Amino acid sequence: MTGRLPVRKTYKLYVGGAFVRSESGRYDGSRGFNVPRGSRKDVRDAVKAARSASGPWAARTAYNRGQILYRCAEALESRAVDFAVDRPEIDASIDVLVHYAGWTDKLQPVMGGINPVAAPFLSFSLPEPTGVVGVVAPDSPALLGLVAELAPALAAGNTAVCLLSGDHPLPGLDLAEVLGIADVPGGVVNLLSGRRAELAPVLAAHHALNAIVDVSEDAALGAEIDRLASESVTRVRHSGPATSYDEAVRDPLSRLEAVTELKTAWHPVGA
Amino acid sequence: MTGTRTQVVWDYAPAPESPDHVRLRDSYGLFIGGEFRDPVDGERVPTINPATEESVAEIAFAGPQDVRAAVEAARAAQPRWAGLSGLERGKYLFRVARLIQERARELAVVESMDGGKPVRESRDVDVPLAAAHFFHYAGWADKLSYGVGGREVAPLGVAAQIVPWNFPLLMAAWKLAPALACGNTAVLKPAETTPLTALLLAEICQEAELPEGVVSIIPGDGSTGATLVRDPDIDKVAFTGSTSVGKDIQAALAGRGVSLTLELGGKSANVVFEDAALDQAVEGIVNGIFFNQGHVCCAGSRLLIQESVADVVVGKLWERMGRLRVGDPLDKNTDVGAINSREQLERIEELVDAGEGEGAQRRTVACELPDRGFWYAPTIFTEVAPAHRIAVEEIFGPVVSVLTFRTQAEAIDKANNSAYGLAAGIWTDKGAKAFEVASALQAGVVWQNTYNHFDPSAAFGGYKESGFGREGGPAGLRPYLRIA
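Values in this document were obtained by computation on a predicted structure and should not be read as measured data.

Reading guide: rules and limits
- Residues numbered from 1 in each chain as written.
- Chains lettered and ligands numbered in written order.
- Predicted model: local features only at pLDDT ≥ 70, side-chain atom pairs only at ≥ 80, totals over all residues.
- Helix = DSSP H or I, 4+ residues; strand = E, 2+ residues; numbered from the N terminus.
- Rg over C-alpha atoms; globule rule 2.2 N^0.38 Å.
- Buried ≥ 20, exposed ≤ 12 C-beta atoms within 10 Å, placed from the backbone.
- Contact = placed C-beta atoms within 7 Å.
- Domains from an automatic or database assignment.
- Nonpolar A, V, L, I, M, F, W, Y, C, P; charged D, E, K, R; others polar.
- Axes fitted to C-alpha atoms, helices over the stretch in contact; angles between N-to-C directions.
- Parallel < 35°, antiparallel > 145°, perpendicular 65-115°, else oblique.
- Left-handed = near helix turned anticlockwise from the far one by under 90°.
- Pairing = 2+ DSSP bridges.
- pLDDT = per-residue confidence, 0-100.
- Core = buried A, V, L, I, M, F, W, Y, C linked by C-beta atoms within 7 Å.
- Expected span 1.5 Å × (residues − 1).
- Right-handed = clockwise from strand over helix to strand, strands pointing away.

Focus: the overall build of chain B
Working step 1: Broken down by element type, chain B carries 14 helices and 22 strands.
Working step 2: For 484 residues, the compact-globule formula gives about 23 Å, and the C-alpha radius of gyration of chain B, at 22 Å, lands near that figure.
Working step 3: Projected onto its principal axes, the C-alpha coordinates of chain B cover approximately 70 × 50 × 35 Å.
Working step 4: In chain B, which comprises 484 residues, the proportion classed as buried is 61%.

Dropping the structure here:
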C-alpha cells in the first residue's frame, strides 16, 4: 500500500444552516457518491426553517444583504475547483451572484417610488420580499440554473427552499458549503436533494410558501405545481434555465418581481 | 341617553338625486366588435335595483359562443391596436376619460340604481376615480418603457378581465385602462348583478370611436366568467373578486402559461393605538367599514383597538354608528345604501349568526329600513376571539369585528394573523411608530390616519391570499406587458 487514502465527502442536505441526512434515511447514488434522498418531511422541515429565518433576513439592511451575496461570490470563486462543474459555468454563477449583490439596494428605487396622489398624502410604494420562495432547480446547468434563481430571491430579501436536480445534485449540495462560509444566516437557504416528482408537489402545496420558481422545464410537473399553488394563491414563475451569464441577467426585473410584493403606504401631510 | 346635555337631533330632509337625465334603454345586448349584439346562445335577464327589487333594464348574458365571438373580435383587433403609436392609443384613452367626466352625473346615478351604493359615493369616488384612471394610463401609453426600468416591451395580446359588483365602473376602468394603454385588447365581464355602468362604458367606447373589437363587454354570471378564462385564445386573465373564485381561476389556468393577476378578498386590520386622535380615528373606522355598505375588498373589517382606549373608542363608534343614515341610495344624505343582492344579504346574515353563535357580543343599530329591497343595519361585534369566523372570514357587509391588543408587537401579530393581506389601517399620532408598524404589516396597502383612499398613481393589490399583481401606477403596467 502506497500513498495516502483520500478523505471522501459525505453529502448531506442543507437545512436551517445545518448539514443533515434525510430524516427518511434514504439515499440515491450520484457519480459515485451516496446522496440523501430527501423526503416530504425534509421539505416541511426546510420550509419551517426558511419561514423562521424570513423575518430577520428581510429586516437586514439592503447594504448588508448585498455584502453577504458578494461574499457568496467570493467564496464560490475560492472554492471553484471543488465543484464538478465546467469552469465557464462556475464563472457565470459567480458573476450572477455579483450582479444580484448589487441589486439589493437598487430594487427599491427601480421598482418603487413616491406616488403623486391627488390628495394631501405622502403615498409611496416600496418592494418587500414575498417571504419564502421555493426553487425547483433544473438538471442542466445544475449550478448556474440554480444560482440564477436563488440569487434574485435572496437579493429581494426572501429565504429559499431549493429542490436540486435529481440527476445532478452534487453542485447544489456543494453550494451549501459556500453559503455556509459566506455569512448567509442559517435557514435563509435550504438545499434538498431527492426526487423532483416526489418533492416538488409537496413544496408547491405548502401553505407557508409564498412563491415558487419552477425551472424544471417539465410541463406536466409545471401544471401540477400551478394547481397545487392555487390552493393558497402562491405566486408561480416558470422559466427555462439560464444557460449563460447573459441569460441570467437579461431580465432581472422579472426574476425580482416574481418574488417581491409592492406595498403602498399613505401618510397624511398636514393636520 | 343620560346626562344634562341637551340632545340635539338633526333631521335631514330627503335630498334625492333626480334620475331624469338618465337615458337607459329597456334592453342591452352584448358589446362585441364595436356594436351591441343579441346573444347567440346566452339568455336575457333583468338587472335589479337592490333598493327597490325592481328591474332597471334587461341585460343579455353571454353564452359560450358569445364568449368565443368576443375573444375572436379582440384577437382580430389586437395587432392594429398594438400597431398604433402610443400617442394615438393614449388619445383614445384620453377621450374615454373625458367622456366619463361629461357623463359623470348619469353614470353616478346608474351606478347607485344598479348596485345600491349611496349616490354621494358614486358621484364623489367611483366615477371621478374611473375617469382619473383612464387619464393616468392614457398618459402612459407612449411612455411604457419608462415604467419598466427602460426595457423594450410588447403587449401580451388578448386580456380576459372579470370585475366584481362592488365598484362596477371603477373596476372596469382599473382593468381596461392599463390593458389598452399597453396595446392589449380586452374582453371584460362585468358582475352578474351590476352590468349597467359597464354597458354605458361600452357606449362611451363607441362615442370615443375606439376601434371595433378593442374592447368587448359581455355581462354574465359565474359560468360566463368560467368560460372566458378557459378560452384557448387568451393571453391574460385579470380578476377581481373572491379568493375562492380566484383560486379556481388560478387552478383552471394551470399549465397554460397565461399571465394572471388576482385581486382577491381581505380581512383587513384597522389598528387604533392609544395615542391616536380618537375622534378622528372613529371617523376613519366608519369610513373603513361602512363605506359602500362594507362591500369593499379592503374594508377595515377587523378593528384592533389598544386595550387602554377600547371602551372609549367602542363607545364613540357606537354613538357615531347611530347617526349613520341608512336608506335610499339616491338620497344625497345617505351614508349606507342597499346591500347589493339578496344572496349577499344572506351571506352577511349567516356570518352574523355565526358570530353570535360563537359567543361574540353583537350590537346592531336600530334604524328604520325600507320595506322593499335588501338592507343591513350597521353592526358591531365585541368580545371577538381571533378564531371566530367573523374575525377570519370576509363578511363583505356593514359589520365590524372588534379585537383588542396591549402592545405594539401584539397588534402586529394579530393584524398579520390572517390568510389575507390586502390592506391595513394605523391610527397614531406618533410618526415613527406609524412607519415602523406600516413596514411590519403584511398588507399591500397601509393607510395611516386615513382609510380607503385610492389613486390611479398608487399601486393597489394584496399579499398572501389576497392575490398577486398590482393595479395603479407604473406597477399596474407590468401585468399587461412582456419584456421584449
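Digging into the overall build of chain A
Working step 1: A tally of helices and strands in chain A yields ten helices and twelve strands.
Working step 2: The C-alpha radius of gyration of chain A comes to 19 Å, within 12% of the 18 Å expected for a compact globule of 271 residues.
Working step 3: With respect to the principal axes defined by its C-alpha atoms, chain A has extents near 85 × 40 × 30 Å.
Working step 4: Counting over 271 residues, chain A shows a buried share of 55%.
Working step 5: Across chain A, every contact between residues at least 6 apart in sequence was considered, and the portion connecting residues at least 24 apart equals 76%.

Thoughts on the domain arrangement of chain B
In many analyses, interface size is given as the accessible surface area lost on bringing the parts together.
All names here are of chain B.
Working step 1: The domain architecture assigned to chain B consists of domain 1 (27–264 + 466–483) and domain 2 (269–448).
Working step 2: With centres defined by C-alpha atoms, the gap from domain 1 to domain 2 works out at 30 Å.
Working step 3: Contacts between the two partners involve 18 residues from domain 1 and, on the opposite side, 23 residues from domain 2.
Working step 4: When contributions to the side of domain 1 that touches domain 2 are tallied by element, the ones reaching two or more residues are helix H3 (104–115) and helix H4 (119–140).
Working step 5: Grouping the amino acids of the side of domain 1 that touches domain 2 by side-chain chemistry returns six nonpolar, seven polar and five charged.

Some remarks on the packing of helix H2 (residues 62–78) of chain A against helix H3 (residues 87–101) of chain A
All names here are of chain A.
Working step 1: H3 packs onto H2 with a crossing angle of 165° between their chain directions and a minimal axis gap of 8 Å. Considering the angle they form, H2 stands roughly antiparallel to H3. Of the two elements, H2 crosses H3, and the hand of that crossing is left-handed. Across the interface between the two elements, Gly 66, Leu 69, Tyr 70, Cys 72, Ala 73, Leu 76 and Glu 77 from H2 touch Ile 90, Ser 93, Ile 94, Leu 97, Val 98, Tyr 100 and Ala 101 from H3.

Some words on the interface of chain A and chain B
Working step 1: In this assembly, 31 residues from chain A lie in contact with 37 residues from chain B.
Working step 2: When residues of the side of chain A that touches chain B are traced back to their parent elements, those giving at least two are strand E6 (121–129), helix H8 (219–230), helix H10 (252–257) and strand E12 (260–268) of chain A.
Working step 3: Considering every element that reaches the side of chain A that touches chain B, the biggest residue donor is E12(A), with eight residues.
Working step 4: Split into classes, the residues belonging to the side of chain A that touches chain B amount to 14 nonpolar, nine polar and eight charged.
Working step 5: Pairing of E12(A) with strand E19 (residues 445–448) of chain B involves three bridges; the strand directions are parallel. Bridging across to E19(B), Ala265(A) finds its partner in Val446(B).

Comments concerning the sheet that holds E19(B)
Working step 1: The sheet built from ten strands is open, its strands ordered E5(A)-E6(A)-E12(A)-E19(B)-E18(B)-E12(B)-E13(B)-E16(B)-E15(B)-E14(B) with mixed pairing. Where the open sheet ends on each side, the last strands, each with one partner, are strand E5 (113–115) of chain A together with strand E14 (361–364) of chain B. Each strand of the sheet is rotated relative to its neighbour by a mean of 20°, with strand direction disregarded.
Working step 2: Where helix H9 (residues 278–290) of chain B meets the sheet, its contacts fall on strand E12 (269–272), strand E13 (302–306), strand E16 (399–405) and strand E18 (423–427) of chain B, and the angle it forms with E18(B) comes to roughly 170°.
Working step 3: Most of the contacts of helix H10 (residues 307–321) of chain B go to E13(B), to which it runs at about 130°, and overall it touches E12, E13, E14, strand E15 (379–382) and E16 of chain B.

Observations regarding the confidence of the model for chain B
Working step 1: Here chain B averages 96 in pLDDT, and 98% of its residues register 70 or above.
Working step 2: In the predicted complex, the global pTM is 0.96; the interface-specific ipTM is 0.95.

Focus: the nonpolar core
Working step 1: Leu97(A), Cys162(A), Leu93(B), Phe134(B) and Val271(B) are the most contacted members of the largest nonpolar core, which totals 259 residues.
Working step 2: For this core, the element with the highest residue contribution is H4(B), accounting for twelve residues.
Working step 3: The two domains that each donate at least three residues to this core are domain 1 (27–264 + 466–483) and domain 2 (269–448) of chain B.
Working step 4: Not counting chain neighbours up to four residues away, the residues in contact with Leu93(B) comprise Phe134(B), Tyr137(B), Ala138(B), Ala141(B), Ala177(B), Leu180(B) and Ala181(B).

Brief notes about the sheet that holds strand E1 (residues 27–28) of chain B
Residue and element names in this part refer to chain B.
Working step 1: A sheet is described by the order of its strands in space; here three strands give the open sequence E1-E5-E4, paired in mixed fashion. Lying at the two open borders of the sheet, with one neighbouring strand each, are E1 and strand E4 (44–49).
Working step 2: Alignment of E1 against strand E5 (residues 54–60), held across two bridges, turns out to be parallel. Pairing of Ser 27 across the sheet is with Glu 58, part of E5.

Some details on helix H2 (residues 86–102) of chain B
Residue and element names in this part refer to chain B.
Working step 1: Given a rise of 1.5 Å per residue, 17 residues ought to cover 24 Å, and the 24 Å separating the end C-alpha atoms of H2 matches this to within 8%.
Working step 2: For H2, every residue scored as buried is listed here: Arg 89, Gly 90, Tyr 92, Leu 93, Val 96, Ala 97, Leu 99 and Ile 100.
Working step 3: Tucked into the core, H2 has its buried residues touching helix H1 (64–83), H3, H4, helix H5 (168–181) and helix H6 (196–207).

Brief notes about the environment of Leu191(A)
All names here are of chain A.
Working step 1: Structurally, Leu 191 can be placed in strand E9 (residues 189–192).
Working step 2: Spatially, the C-alpha atom of Leu 191 lies 9.8 Å from that of Asp 174, the residues being 17 residues apart in sequence.
Working step 3: When sequence neighbours within four positions are dropped, the list of residues in contact with Leu 191 reads Leu 13, Tyr 14, Cys 162, Leu 164, Gly 172, Leu 173, Leu 175 and Ala 176.

Here's the deal with H3(B)
Residue and element names in this part refer to chain B.
Working step 1: An ideal rise of 1.5 Å per residue puts 16 Å on twelve residues; H3 measures up with 16 Å between its terminal C-alpha atoms.
Working step 2: For H3, the buried fraction is high: nine of the twelve residues fall into the buried class.
Working step 3: Buried within H3 we find Leu 107, Ala 108, Val 109, Val 110, Glu 111, Ser 112, Met 113, Asp 114 and Gly 115.
Working step 4: For H3, the secondary structure elements touched by its buried residues are E4, E5, H2, H4, H5 and H6.
Working step 5: The positive-phi residue at the C-terminal boundary of H3 is Gly 116, with phi of around 90°.

Considering the pairing of strand E8 (residues 185–189) of chain B
All names here are of chain B.
Working step 1: Counting buried residues in E8 gives five out of five residues, a clear majority hidden from the surface.
Working step 2: Running through H5, the crossover from strand E7 (residues 158–162) to the neighbouring parallel element E8 is right-handed.
Working step 3: Across three bridges, the pairing between E8 and strand E9 (residues 215–217) is parallel. The residue of E9 that forms the bridge with Val 187 is Ser 216.
Working step 4: Running through H6, the crossover from E8 to the neighbouring parallel element E9 is right-handed.

Points about the pairing of E4(B)
Residues and elements named next belong to chain B.
Working step 1: When E4 meets E5, the two strands line up antiparallel, connected through six bridges. Note that in E5 the partner of Val 45 across the bridge is Ile 59.
Working step 2: What sits between E4 and E5 in their antiparallel hairpin is a turn of four residues, with Glu 53 showing a positive phi close to 65°.

A look at unusual backbone geometry
Working step 1: In this structure, Pro141(A) follows Ser140(A) across a cis peptide bond, with omega equal to -5°.
Working step 2: A positive phi angle is found at Glu53(B), which is not glycine, with a value near 65°.
Working step 3: Along the chain, Glu53(B) turns up in the loop between E4 and E5.
Working step 4: With a phi close to 60°, Glu209(B) is a non-glycine residue in the positive phi region.
Working step 5: Following the sequence through the fold, Glu209(B) ends up in the loop between H6 and E9.

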